Number of protein chains: 2
Amino acid sequence: MPANATLADLGEFGLIGALVERFPQGDHVLIGPGDDAAVVAVPDGRVVVSTDLHVDTRHFRRDWASATDIGHRVAAANLSDLNAMGGRATALTIGLAAPADLPVAWALELADGIVAECALVGASVVGGDLTSADQVMVSVTALGAVAGDPVRRSGARPGDVLAIAGRQGWAAGGLAVLTRGFRSPRKLVEAYQRPEPPYGAGAQAAALGATAMIDVSDGLLADVGHVAAASGVAIDVRTAAFEIAEPLQAVGAALGADPLRFILTGGDDHCLVATFPGGALMPEGWSEIGVVTEGSGVTVDGAAYDGPAGHTHF
Amino acid sequence: MPANATLADLGEFGLIGALVERFPQGDHVLIGPGDDAAVVAVPDGRVVVSTDLHVDTRHFRRDWASATDIGHRVAAANLSDLNAMGGRATALTIGLAAPADLPVAWALELADGIVAECALVGASVVGGDLTSADQVMVSVTALGAVAGDPVRRSGARPGDVLAIAGRQGWAAGGLAVLTRGFRSPRKLVEAYQRPEPPYGAGAQAAALGATAMIDVSDGLLADVGHVAAASGVAIDVRTAAFEIAEPLQAVGAALGADPLRFILTGGDDHCLVATFPGGALMPEGWSEIGVVTEGSGVTVDGAAYDGPAGHTHF
C-alpha cells in the first residue's frame, strides 16, 4: 500500500481488516470484532455504558493534533464518563465516518491512539462501523463495570464539600494558544492534544463515600452546575483553593486573559469533581475547592460568575 | 416553542431534555439518561453489543423518508445485529450530530421512531450525545442479551443448508423506485422507509441449532459471502427457492430490471440468513435457499454471479 493511500484506495473491508488487526482483545472479550455483534463478560450482571460523538472542526482539528492524539482524546472522553460513575471501562465500540480521500494512515493512527488510551484502563476495542461522510466523525461507546454503587450527579447534600481530582484548565489554556496560532507553552498544547484523566480516582472516590460525581467536559462551572441541578443544592466554588500553575500564568499574561478563567470554564482535561460528606478525610489526589449549601445554582467566591460557564452546542 | 423552531432556537440542553422525556425506561434499566453513563442489568453476565453509523445522503435521505421512518430504520439496523447473534436488544444509546438549522420537530420525530422500533423488542434508549455537525449523522449502539451460545458467522459446515427468514429485496425495490423519482409500488417504498426485520427469528434459529447466522445489511450475496469466508466453506444460492412477490415483478417490469437482482443484492430489509445441519427440520418462518459445500466463495445456481454482490463504502 502506498504511503499516501486513501480510504477510497483501500476500500471499506480492506480498512476494516487493517483496523481490526490493531485491536488486541482482553480476556473479558468473549467475541471480538468481525461478527454482527461483540460479546463481553460483565461478571456482576450490570453494564455501565456511555456514548460520545466527536466531529471534525467541532471537537478536534486535524491541524491542531495528530491522528494518534485525537485517538487518545476521543477514547479518554468516554473512559472518563465511566470513571465519573466510579466505574472502569472494559470495552469500546468505535464508529468512523470519513470522506473517501481521508489518508488510510490517518485512520490507522487514530486507531493506535484509541488502543493506547484504552490500555491505560485495560479496555479492548470490540467492534465498530465504518462509513463514508462529508466530514470526519468518530463515535465512541464505552462499556464497563462498577464495583459498588454507581456515583450519580444527584447525591450532593448541604454540608458536603466539593473536591477535584486531576489537572484542570490546562487543555483550555492549550486551546487558547492554538486558536491564536501559537504552539507554546508546549505543556498546555500537549494537555489539549492528549488529556490525562485521573483514571482510578473515580472508583477511589466511590469507595471513600463520594455523594455525587461528574467529569468535567463542558466546563468546570457548567458541570458543577449539572451536579447542583440534579442534587437540588447550591454549590460555591472557592477560587483561593486553586493553585494557578506556571504555564497557565504565562499564557494568561501573554494573552491578557485571567488564567482562572481557563480553570473555571475549561472542559477538555476530563478531571473529576465530586462531593464528599463534610469532615470526611479527603482521598489522596483529591483537593477541596468548594462547599455545598441549601439553595440552587453555582457561585464563585459567593457571587454569580460573570461569563459563560462552559461550552454548549447550537 | 414555534412549530418551525430549530436546534439553534432550543439549544443543546433544551433539546436533550425534550428527547429524554420521550424515552420510557424498562425495568432492566438501573440508571437511565441524565448521568455521565447509564447502567443496565445483564443478568447472565454477558452483554452483546453492536454499533452503527447512519449518515444523511449515504444511509438515508430526508426527502425519501420521514424522520419517524428514519428513526425506525436506524434502530432496526442495530436491533437486527443482535437478532443475528441469536440475541435480543435491551438498551440503545443514540448519538445525533446535526446542523444548527435542523428543525427540532425532525429530531423529536426521529426519537419517536427509534422508541417505537425499540418497543417491538422491549429495548430502552438509555443515553446518548448531541452535537453540531455539517451533516446529519446518527450513531446507534445496541446492548442486549443472548440466551444460549451466540451464533457466529463462522460455524457453517459442508452439508449444512442455507435458509432465510424475513422479507428480502423489497427495500431494494423501493430504493430503485425512489431513485428514479417515483413513489410506487407503495408497498416497496414503505418497505424501504420502514423495514420489518424478523425479530425473534434469530433466537429461534439459535435454539434450533443454527450453525452460522448473519443479518442482510450489505446485500444477500455479500453477506452470505461473509459467512462463507468466516466459515471457510462455499455456499451456493438456489434462485428457484425464491418466490418473486408481485410488487417486485411489477417494479422489475416497469424499470426493465431483473427483480431477482433486488433479492440477491439488496441490503435494507434486515432479513436473517442462517445455516442449519442438513436434514434438520426447518424452523417455522425459515425457508431453504441454498447449500453449503467444501470450497470457498458464493455461487448462484452453481455459477459466479454477474454483478456487484452488495453495497460497499468508499
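Reading the values: rules and limits
- Residues numbered from 1 in each chain as written.
- Chains lettered and ligands numbered in written order.
- Predicted model: local features only at pLDDT ≥ 70, side-chain atom pairs only at ≥ 80, totals over all residues.
- Heavy atoms only, no water.
- Helix = DSSP H or I, 4+ residues; strand = E, 2+ residues; numbered from the N terminus.
- Polar contact = N/O pair within 3.5 Å; in protein donor to acceptor, adjacent residues only side chain to side chain.
- Contact = heavy atoms within 4.5 Å.
- Least-squares fit on C-alpha atoms with pLDDT ≥ 70 in both.
- Core = buried A, V, L, I, M, F, W, Y, C linked by side-chain atoms within 4.5 Å.
- Buried < 20%, exposed > 50% of the residue type's maximum accessible area, 1.4 Å probe, protein only.
- Expected span 1.5 Å × (residues − 1).
- Pairing = 2+ DSSP bridges.
- Axes fitted to C-alpha atoms, helices over the stretch in contact; angles between N-to-C directions.
- Salt bridge = Lys/Arg side-chain N within 4 Å of Asp/Glu carboxyl O.
- UniProt positions renumbered as here; feature names shortened; annotations may be inferred.
- Phe/Tyr/Trp six-rings, centres within 6.5 Å; stacked < 30°, edge-to-face > 60°.
- Lys NZ or Arg CZ within 6 Å of the ring centre and 35° of its normal.

Undergrad: Could you give me a rundown of the side chain of Ser132(B), with the residues and numbers involved?
TA: Relative to the helices and strands, Ser132(B) is located in strand 5 (residues 124-132). Here the side chain of Ser132(B) touches Arg58(A) through a polar contact of 3.1 Å, side chain to side chain. Other than its neighbours up to four places away in sequence, Ser132(B) contacts Val55(A), Arg58(A), His313(A), Phe314(A) and Ala98(B).

Undergrad: How would you summarise the relation of the copies chain A and chain B if you had to cite specific residues and measurements?
TA: Expressed as a screw operation, the relation of chain A to chain B combines 0.0 Å of axial shift with a rotation of 180°, fitting to an RMSD of 0.0 Å. Given the turn and translation reported, the copies of this chain are related as if by a two-fold rotation axis. Within chain A, Gly45(A) has its C-alpha nearest the rotation axis, a separation of 2.3 Å. The overlap is high: 98% of the interface residues of chain A also sit at the interface in chain B, so the same surface is used on both sides.

Undergrad: Can you break down the nonpolar core residue by residue, with the values?
TA: In this structure, Leu15(B), Ala89(B), Leu92(B), Trp106(B) and Ile114(B) are the most contacted members of the largest nonpolar core, which totals 43 residues. Elements supplying a minimum of two residues to this core: helix 2 (12-20), helix 3 (67-83), strand 4 (87-98), helix 4 (104-119), strand 5 and strand 6 (137-146) of chain B. Broken down by element, the residue count for this core peaks at nine residues, all from helix 4 of chain B. Leaving out residues up to four positions away in the same chain, Trp106(B) has contacts with Phe60(B), Arg62(B), Ala67(B), Ile70(B) and Val136(B). Within the second largest apolar cluster, 42 residues are counted, among which are Leu15(A), Ala67(A), Ala111(A) and Val121(A).

Undergrad: So, helix 8 (residues 220-231) of chain B: which residues are in play, and what are the values?
TA: Residue and element names in this part refer to chain B. The terminal C-alpha atoms of helix 8, which comprises twelve residues, lie 16 Å apart, in line with the 16 Å expected from a rise of 1.5 Å per residue. Where burial is concerned, most of helix 8 is hidden: nine out of the twelve residues are buried. Downstream of helix 8 by one or two residues, Gly232 has phi in the positive range, about 70°.

Undergrad: Describe the sheet that holds strand 6 of chain B, with residues and values.
TA: Strand order in the open sheet formed by six strands is 1(A)-2(A)-3(B)-6(B)-4(B)-5(B), and the pairing between neighbours is mixed. With partners counted over all chains shown, the strands left at the sheet margins are strand 1 (29-31) of chain A together with strand 5 of chain B, one partner each. Strand-to-strand twist of the sheet, defined as the mean angle between neighbouring strand axes without regard to direction, takes the value 25°. Relative to strand 3 (residues 46-55) of chain B, strand 2 (residues 38-41) of chain A is paired through four bridges, and the arrangement is antiparallel. Bridge pairing in strand 3 of chain B links Ala38(A) to Val49(B). Sitting on the sheet, helix 3 of chain B touches strand 3, strand 4 and strand 6 of chain B, and the angle it makes with strand 3 of chain B is about 145°.

Undergrad: Which residues make up the pattern of salt bridges, and what values go with them?
TA: What the rule picks out here adds up to 24 salt bridges over all chains. Overlapping salt bridges bring together Asp35(A), Asp36(A), Arg152(B) and Arg153(B) as one network.

Undergrad: Please set out unusual backbone geometry residue by residue, giving values where relevant.
TA: All names here are of chain A. Following Ser184, the chain continues to Pro185 via a peptide bond in cis, the omega torsion being 5°. For Pro185, the location among the structural elements is in the loop between helix 5 (170-179) and helix 6 (186-193). At His270, a residue that is not glycine, the phi angle is positive and equals roughly 55°. Considering the arrangement of structural elements, one finds His270 in the loop between helix 10 (259-265) and strand 10 (272-276). Exposure remark for His270: the relative accessible area of 7% places this residue in the buried category. For Asp301, which is not glycine, the phi dihedral falls at a positive 50°. As for its position among the elements, Asp301 is in the segment after strand 12 (297-300).

Undergrad: Residue-level account of the UniProt feature "binding site: substrate" (unreviewed entry) in chain A, with values.
TA: Using the residue numbers shown here, the UniProt feature "binding site: substrate" (unreviewed entry) corresponds to His59(A) and Asp268(A). The named residues occupy 210 residues along the chain; their greatest pairwise C-alpha distance, 9.6 Å, places them in one compact cluster. Positionally, His59(A) belongs in the loop between strand 3 (46-55) and helix 3 (67-83). Those residues in contact with His59(A) that lie beyond four places of it in its chain are Leu53(A), His54(A), Arg73(A), Tyr192(A), His313(A) and Thr131(B). Here Asp268(A) shows up in the loop between helix 10 and strand 10. Owing to a relative accessible area of 21%, Asp268(A) belongs among the partly exposed residues under this scheme. Beyond its immediate sequence surroundings of up to four residues, Asp268(A) is in contact with Arg73(A), Ala171(A), Leu175(A), Tyr192(A) and Pro195(A).

Undergrad: Tell me what's going on with the packing of aromatic side chains, and back it up with residues and numbers.
TA: Residue and element names in this part refer to chain A. What the rule picks out here adds up to six aromatic pairs over all chains. Ring centres of Phe276 and Trp286 lie 5.4 Å apart, and the angle between their planes is 80°; this geometry places the pair in the edge-to-face category. Of the two residues, Phe276 sits in strand 10 while Trp286 sits in strand 11 (residues 286-293), which places them ten residues apart along the sequence. Its guanidinium or amino end placed over the ring of Trp64, Arg61 lies 4.0 Å from that ring's centre, counting from NZ or CZ. When the ring centre of Trp106 is taken as origin, the NZ or CZ atom of Arg62, which lies over that ring, is 5.8 Å away.

Undergrad: A description of the UniProt feature "binding site: ATP" (unreviewed entry) in chain A should follow, citing residues and the corresponding values.
TA: Taking the numbering used here, the UniProt-annotated feature "binding site: ATP" (unreviewed entry) corresponds to Gly128(A), Asp129(A), Arg153(A) and Ser217(A). Annotated residues spanning 90 residues; largest pairwise C-alpha distance 31.3 Å, indicating distribution over more than one region. Not counting residues within four places of it along the chain, the set of residues in contact with Gly128(A) comprises Ile94(A) and Thr51(B). Examined against the element boundaries, Arg153(A) turns out to sit in the loop between strand 6 (137-146) and strand 7 (161-165).

Undergrad: Explain the environment of Gly32(B) residue by residue, including any values.
TA: All names here are of chain B. Structurally, the position occupied by Gly32 is in the loop between strand 1 (29-31) and strand 2 (38-41). What makes Gly32 buried here is its relative accessible area of 15%. A C-alpha to C-alpha distance of 25 Å links Gly32 and Asp69, two positions 37 residues apart in sequence. Non-local contacts of Gly32, meaning those with residues more than four positions away in its chain, are made with Gln25, Ala38 and Val126.

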